[in-house]
2 protein chains.
Amino acid sequence: MSFMYDEAIDGPLPTVDRAELAAALRAGAPKLEILTDREDLRPFECDGLAAYRAVPLLVVLPSTVEEVRAVLKIAAARGVPVVARGAGTGLSGGAMPLEKGILLVMAKFTRIVEVDPDACVARVEPGVRNLAISQAVAQHGLYYAPDPSSQIACSIGGNIAENAGGVHCLKYGLTVHNVLKVDMLTIDGELITLGSDAFDSPGFDLLALFTGSEGMLGIVVEVTVKLLPKPPSVKVLMASFDDIVRAGEAVAKIIGEGVIPGGLEMMDNLSIRAAEDFIHAGYPVDAEAILLCELDGSHDDVDEDVERVGALLQAAGASDLRVARDEAERQRFWAGRKNAFPAVGRITPDYYCMDGTIPRRELPRVLTGIAALSDQFGLRVANVFHAGDGNLHPLILFDANQPGEMDRAEALGGRILELCVEVGGSITGEHGVGREKINQMCVQFKQGEIEYFHAVKAAFDPSCLLNPGKNIPTLRRCAEFGKMHVHMGQLKFPELERF
Amino acid sequence: MSFMYDEAIDGPLPTVDRAELAAALRAGAPKLEILTDREDLRPFECDGLAAYRAVPLLVVLPSTVEEVRAVLKIAAARGVPVVARGAGTGLSGGAMPLEKGILLVMAKFTRIVEVDPDACVARVEPGVRNLAISQAVAQHGLYYAPDPSSQIACSIGGNIAENAGGVHCLKYGLTVHNVLKVDMLTIDGELITLGSDAFDSPGFDLLALFTGSEGMLGIVVEVTVKLLPKPPSVKVLMASFDDIVRAGEAVAKIIGEGVIPGGLEMMDNLSIRAAEDFIHAGYPVDAEAILLCELDGSHDDVDEDVERVGALLQAAGASDLRVARDEAERQRFWAGRKNAFPAVGRITPDYYCMDGTIPRRELPRVLTGIAALSDQFGLRVANVFHAGDGNLHPLILFDANQPGEMDRAEALGGRILELCVEVGGSITGEHGVGREKINQMCVQFKQGEIEYFHAVKAAFDPSCLLNPGKNIPTLRRCAEFGKMHVHMGQLKFPELERF
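Residues numbered from 1 in each chain as written. Chains lettered and ligands numbered in written order. Predicted model: local features only at pLDDT ≥ 70, side-chain atom pairs only at ≥ 80, totals over all residues. Heavy atoms only, no water.

Naming follows an unreviewed UniProt entry, where chain A appears as Glycolate oxidase subunit GlcD of Paraburkholderia dinghuensis. Its UniProt record gives chain A the following Cofactor (unreviewed entry) comment, quoted word for word: "FAD". (UniProt positions renumbered as here; feature names shortened; annotations may be inferred.)

Here it is, written out as structure tokens:
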């Protein structure tokens, strides 16, 4: 089953004339930038999930809320679907266009409207880059905590759509925990405020519902984020292990002792070697796994935690232990981790980045399961984990030029995610469902649960015009996907039988 | 406008024969405990908002999920409304019964199903008391963080319904931040799991939507909560101020400096004197305000924070500063605060406890506004605040035996909440909307926003059988409430004109 929108499975879409739609938009919003030439549309045909592409019917780049409203009203009146896009860095195809749809690009909404350092909040437009917020408030000793690896490029509007996380979300939470208020436009063009400037808001928590809804409930036009004071001290420990399962056990021990590190990351031997070759981070290339543990806070507290965690890691069987001597070494340790994906890209023609979560205690079992699946499918897997919060990013190595390898990589990825669900986890951590995991949603949820998702969607967008085909599968898709599984005649999780 | 359900405004309810309904329930669930005698029903006629009472049609006390399902199916088939109730300690009338409805009491669901100290989670039934969770996991050095003042009596199911907070929610979050997973029954009797054992769950965040939904979307039958390690050190600072506004400013400074206290509470002179008379906590009775600031964490960190916060408080104009010398004095400092409500009850025939939130920076302005409103209405107000998170609990002192005083207290309460909304806050912090604040919801939200609440409600409960008349006002109610305001011919917030 391909990632492309399938009208038979995902729902029919109307066929609309591009020129006629562009004329209507021009009439409704005379200053609106509209792209219709194939050459202009091509840069927008995919997001970070670049393997799958579709040229949108047209692209609009509004620069005012009124223009967004005009686009939505014209789309709603004609039944044309609308896919919103921030910076297009998403990794699950959430902003992948529809050939029969408008792509609504929020890139011109880049204003930082207000910074209130006393209240520790900033009000920004949705196209502001994640890192730009922290840069704008650095003079006050503040920063915005969620830091996806794409933070230099990704936009806060996209972060809300995907409920983005990052290295520090174990300690500082996901996007949903760092946003106070969102102004959004519904498909009817109505301006609705979700949340408030206070710490809680009455009625149903529509702000949390909206965060991570992947552009299916409305279009963000303004965001109020929480800011945090920069910790005075930050240190990083690197522990080497001869056994990856033991490294997994050490993670549970650290958290179980009540230490909440600023970041707790794990890499396996394949990732270590790839990163070391590329970045020369000073990683031990013979280790089966390393843990990188960042501790932040007051100077005394960090020093105390470094000793405590060091002792825990040694007791957990670490074969070597190093504290970054200075800021330069700390940056090098992290550079290896942050460049692990491109580093793996150097040792394989193609790779496929997964994103699943599991309860931390299941780390050892899932690591063993992934190794078994890797053998079974005959494809190498490099493991790079946000270990502290049980968020896995296995990278499946393959060669798209070898017939069948891409399908096999996709199938292996699906099985890894199903393994995550099997142990009580979920099919996505921080990358979202988008188009990529639409089938796995049928594994994660019962039909009755999927129906409630659709009912909630219908409360905001009854005609299903906002980002159709993403995030929540149609019941028809789950039926088809289920049939496929039965057709293969396999036990659902044979690789788990051994454990 | 009274707190009682009004069919003309809140929606019509069917008239059902009590004996006939009881017979149907007995047939559907033979072992179900059903109360129908007036004497048996009386103890259930109100929750913690005791001024308003209604005798339910009947009370059921199921002891299994199957019995809950049977009750819901029978209610749904007949169109009889169902009000769920935990321990009945809520302060906004969220569990106030309907004369034409079933009261579904979850008091028999008291099992702690599983404690997993390594994963720091516990799986419990909804009737388990908040404090009982912490007691059950204390042997592992863990506790459940949200601690409403009623924690000795209130149930975790009720905590979820109201998204309960407490003294520590500034640092450790509300209920929504401390719950991983909820199993709930829809009005159709379908069992739905919200959230997962992992740190995030794909699709729309229905768990956050459900938390704080006041029994309007489904009935909790099992909860998985997060547990935290007990901090090794806890200290409390008490600062006295000659000026309540300056105390409000000090709060913003502490938070602005990046200290996140375990608790940060404020009391004004009237509360201080009442509490001191009652508890002999050692409070300075001449102070215009005190701040109680609790710091928790590692020993070194707490000692460092105590010094830092002490210096900040002195710089902010504190006239006196004391650190509780030992655990006994710390407990006494808190006993005064925790008993502030009953202490105020000793100096007035009746009082009315409010619950609003504001952005912290607005504390000084709102304190001045409340004083002005108090003068205008001729009623004393004692101020007891969760200052750190801007959650206010003004207590309005009145005498219900004086004609008109109760109405005046209600009106003053309404105006204080509207003042909270005016400065960007909201009409409830941790007590919920329930029946008490149903009219203020019309102030907090635009009609369009209220409509989305109804649409979301309809996604789960299209016939509006779960706790009707609470939390989300009908559009008819907002229209009536609006008319009342216009009829009074007043400026909406005249008391703000001076500032």
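Read on for the rest.
Caption draft 1: Summary view of the side chain of Asn159(B). Residue and element names in this part refer to chain B. Position of asparagine 159 relative to the elements: it lies in helix H6 (residues 156–162). Using a relative accessible area of 3% as the deciding quantity, one classes asparagine 159 as buried. Those residues in contact with asparagine 159 that lie beyond four places of it in its chain are Asn130, Pro148, Cys154, Ala164 and Thr175. (Helix = DSSP H or I, 4+ residues; strand = E, 2+ residues; numbered from the N terminus. Buried < 20%, exposed > 50% of the residue type's maximum accessible area, 1.4 Å probe, protein only. Contact = heavy atoms within 4.5 Å.)

Caption draft 2: Structural context of the state of the cysteines. According to the stated counting rule, one finds two disulfides over all chains in the structure shown. Here Cys442(A) engages in a disulfide with Cys478(A); their sulfurs sit 2.2 Å apart. Across the disulfide from Cys442(A) to Cys478(A), rotation about the S-S bond amounts to roughly -85 degrees, and the bridge is consequently left-handed. Residue Cys442(A) is found in helix H16 (residues 441–444), and its partner Cys478(A) is found in helix H18 (residues 475–488); the two are separated by 36 residues along the sequence. Cys442(A) gets classed as buried once you look at its relative accessible area, which sits at 16%. Of all cysteine sulfurs, the one in Cys353(A) lies closest to Cys420(A), which takes part in no disulfide; the gap is 12 Å. Cys420(A) sits in the buried class, given a relative accessible area of 1%. The closest cysteine sulfur to the non-disulfide-bonded Cys293(B) is located on Cys169(B), 14 Å from its own sulfur. We classify Cys293(B) as buried; its relative accessible area is 1%. (Disulfide = S-S within 2.5 Å.)

Caption draft 3: Inspection of the pairing of strand S10 (residues 219–226) of chain A at higher detail. All names here are of chain A. Burial within S10 is extensive, with seven of its eight residues counted as buried. In terms of strand pairing, strand S6 (residues 121–124) meets S10 through four bridges, oriented antiparallel. Counterpart to arginine 123 in the pairing with S10 is threonine 224. Where strand S8 (residues 179–185) lies against S10, six bridges are found, and the strand directions are antiparallel. When the bridges of S10 are listed, leucine 185 appears paired with isoleucine 219. (Pairing = 2+ DSSP bridges.)

Caption draft 4: Quick look at the packing of aromatic side chains. With the rule as written, the count across this model stands at 10 aromatic pairs over all chains. Note on Tyr143(A) and Tyr172(A): the rings are 6.4 Å apart at their centroids and 85 degrees apart in plane angle, and the pair reads as edge-to-face. On the criterion of sequence distance, the pair formed by Tyr143(A) in strand S7 (residues 142–143) and Tyr172(A) in helix H7 (residues 169–172) is long-range, its members being 29 residues apart. Taken individually, Tyr143(A) and Tyr172(A) each receive the classification buried, so the pair is uniform in this respect. On the numbers, 4.9 Å between centres and 85 degrees between planes, the contact of Phe445(B) with Phe453(B) is edge-to-face. Both residues of the pair, Phe445(B) and Phe453(B), count as buried. Chaining the aromatic ring pairs together yields one cluster made of Phe204(A), Phe445(B) and Phe453(B). (Phe/Tyr/Trp six-rings, centres within 6.5 Å; stacked < 30°, edge-to-face > 60°.)

Caption draft 5: Looking closely at the environment of Pro231(A). Residue and element names in this part refer to chain A. Relative to the helices and strands, proline 231 is located in the loop between strand S11 (228–229) and strand S12 (233–241). Taking the C-alpha atoms as reference, proline 231 lies 46 Å from lysine 73; in sequence the two are 158 residues apart. The contact partners of proline 231, leaving out residues within four places of it in the chain, are Tyr143, Asp296 and Gly297.

Caption draft 6: The domain arrangement of chain A, seen in detail. Residues and elements named next belong to chain A. If you check the domain split of chain A, you get domain 1 (7–105), domain 2 (112–229), domain 3 (233–343) and domain 4 (348–496). Placing a centre on the C-alpha atoms of domain 1 and another on those of domain 2 gives a separation of 24 Å. Contacts between the two partners involve 13 residues from domain 1 and, on the opposite side, 13 residues from domain 2. Summed over both sides, the interface of domain 1 with domain 2 buries roughly 1,100 Å², with 70% coming from carbon and sulfur. Ranking the residues of domain 1 by area buried against domain 2 places Arg69, Leu72 and Thr89 at the top, with a combined share of 38%. At the junction of domain 1 with domain 2, the criterion picks out zero salt bridges. Applying the counting criterion to the domain 1 and domain 2 interface returns one residue pair in polar contact (both at pLDDT 80 or more). (Domains from an automatic or database assignment. Buried area = accessible area lost by both parts, 1.4 Å probe. Salt bridge = Lys/Arg side-chain N within 4 Å of Asp/Glu carboxyl O. Polar contact = N/O pair within 3.5 Å; in protein donor to acceptor, adjacent residues only side chain to side chain.)

Caption draft 7: Summary view of the relation of the copies chain A and chain B. Expressed as a screw transformation, the operator carrying chain A onto chain B has a rotation angle of 180 degrees and an axial translation of 0.0 Å, and the superposed copies differ by an RMSD of 0.0 Å. Considering both components of the superposition, the chain copies are consistent with a two-fold axis. A shared interface surface links the copies, since 100% of the contact residues of chain A are contact residues in chain B too. (Least-squares fit on C-alpha atoms with pLDDT ≥ 70 in both.)

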